[in-house]
Amino acid sequence: MKGIDHIGIAVYSIERTLPFYTDVLHFTHLKTEIVESEGVKVAFLDTGNGKIELLEPIQVDSPVHTFLEKRGEGIHHIALQTDDIGTDLKNLEENDIRLINRTPKKGAGGAFVSFLHPKSTFGVLYEICQKGEEKE
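Remember, it's a predicted structure, so these values are computed and weren't measured experimentally.

Q: Which residues make up the nonpolar core, and what values go with them?
A: With 10 residues, the main nonpolar core is built from Ala-10, Val-35, Val-40, Val-42, Phe-44, Leu-55, Val-64, Phe-67, Leu-68 and Ala-108. Of all the elements in the fold, those that place two or more residues in this core are β3 (40-46) and α2 (63-71). Excluding its chain neighbours within four sequence positions, the residues that come into contact with Val-42 are Ile-14, Lys-31, Thr-32, Glu-33, Val-35, Glu-53, Leu-54, Leu-55 and Ala-108.

This is the structure:
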């Protein structure tokens with residue numbers, strides 16, 4: 001693992017939440033996109049020394065919608081960056097870490113992503129991500 005790529009924050013509305021991050025905290029809004037496979041709209045923010053991903057559900061069957069129903073707005077996941085997601089997932093599984101996605105899938109920004117089950121990671125939902133072709 002290369003380190004933290006971003007922190008994902010679940011929100012009810014990006015439109016309502018974004019001004020806090022841009023106007024109050026003065027973070028730079030890089031772009032917003034829809035990730036159909038996860039049923040979310042995602043806004044990317046540059047904090048100067050890291051990134052934040054705001055996640056708004058666009059479907060009721062979205063995992064982010066379920067998260068908001070149970071816990072409300074807040075930190076959803078911490079994404080760890082890798083250059084070789086396949087090898088890292090194999091290593092994690094060999095160390096008895098439960099994978100939510102055994103096969104990486106296409107995520108926001110063209111990255112390949114897989115999530116680790118919080119029951120294996122002391123209550124934290126981790127996303128393993130390998131940057132794809134698209135640039136943020």
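After that view of the structure, there is still more to cover.
Q: Describe the pairing of strand β7 (residues 112-116), naming the residues involved and giving the relevant values.
A: Within β7, 4 of the 5 residues are buried, which leaves the element mostly enclosed by the surrounding structure. Between the antiparallel neighbours strand β6 (residues 105-106) and β7 lie 5 residues, among them Gly-109 with a positive phi of about 70 degrees.

Q: Which residues make up α2, and what are the values?
A: Among all positions in α2, only Val-64, Phe-67 and Leu-68 are buried. On an axial view of α2, the arc spanned by its buried residues comes to 95 degrees, and they lie on one face. Facing away from the buried side of α2 by over 90 degrees, the exposed positions are Glu-69 and Lys-70. Of the surrounding secondary structure, the elements contacted by the buried residues of α2 are β1 (3-10), β3, β4 (51-57) and β5 (74-81). Capping the start of α2, Ser-62 holds a side-chain oxygen 3.1 Å from the backbone nitrogen of Val-64, two or three residues further along. Phi turns positive, to about 80 degrees, at Gly-72, one or two residues after α2.

Q: Kindly report on the sheet that holds β6, identifying the contributing residues and their values.
A: An order of β2-β3-β4-β1-β5-β8-β7-β6 is seen for the 8 strands of this open sheet, with the pairing classed as mixed. With one partner strand each, in any of the chains shown, β2 (28-35) and β6 form the two edges of the open sheet. With 7 bridges joining them, β3 and β4 adopt antiparallel strand pairing. What sits directly across from Ala-43, in β4, is Leu-54.

Q: An account of the UniProt feature "domain: VOC" (unreviewed entry) in the protein is requested, with residue identities and associated values reported.
A: UniProt annotation of "domain: VOC" (unreviewed entry) refers to residues 3-131 when read in the numbering used here. Spanning residues 3-131, this segment combines 23% helix with 39% strand, and its end C-alpha atoms are found 13 Å apart.

Q: Lay out the pattern of salt bridges in plain terms, naming residues and giving numbers.
A: Oppositely charged side chains can form a pair if their charged atoms are brought close together. Inspection of the entire model under this criterion finds 8 salt bridges. Residue Lys-105 is joined to Glu-38 by a salt bridge in which the shortest nitrogen-to-oxygen separation is 2.4 Å. Taken as a pair, Lys-105 in strand β6 and Glu-38 in the loop between β2 and β3 lie far apart in primary sequence, 67 residues in all. With a relative accessible area of 28%, Lys-105 lands in the partly exposed category. Ionic contacts of the salt-bridge type, sharing partners, join the residues Asp-5, Lys-51 and Lys-131 into one network.

Conventions we followed
Every chain begins its residue count from 1, and numbering advances along the sequence as written. In view of the model being predicted, local features appear only for residues whose pLDDT reaches at least 70, and side-chain atom pairs are presented and counted only at 80 or more, with totals across whole chains, interfaces and linings using the full set of residues. Side-chain numbers here rest on the full set of heavy atoms in the structure, without hydrogens or water. Take the buried Ala, Val, Leu, Ile, Met, Phe, Trp, Tyr and Cys residues and link them wherever side-chain atoms come within 4.5 Å; each set so joined is a nonpolar core. Partly exposed residues are those whose accessible area sits between 20% and 50% of the maximum for their type, while under 20% is buried and over 50% is exposed, using a 1.4 Å probe and protein chains only. Segments assigned H or I by DSSP are reported as helices when at least four residues long, segments assigned E as strands when at least two residues long, and all are numbered from the N terminus. Residue contacts are counted whenever heavy atoms from the two residues lie within 4.5 Å of one another. What makes two strands pair is DSSP finding at least two bridges between them. Starting at the helix axis, one direction is taken to each C-beta atom, and the arc is that of these directions. Pairing of N or O atoms within 3.5 Å defines a polar contact, subject to two protein rules: one partner must be a possible hydrogen donor and the other a possible acceptor, and residues neighboring in sequence count only if both atoms are side-chain atoms. UniProt positions are given in the numbering used here, feature names are shortened, and annotations may be inferred rather than shown by experiment. Each salt bridge in this description consists of a side-chain nitrogen of Lys or Arg and a carboxyl oxygen of Asp or Glu lying within 4 Å of one another.

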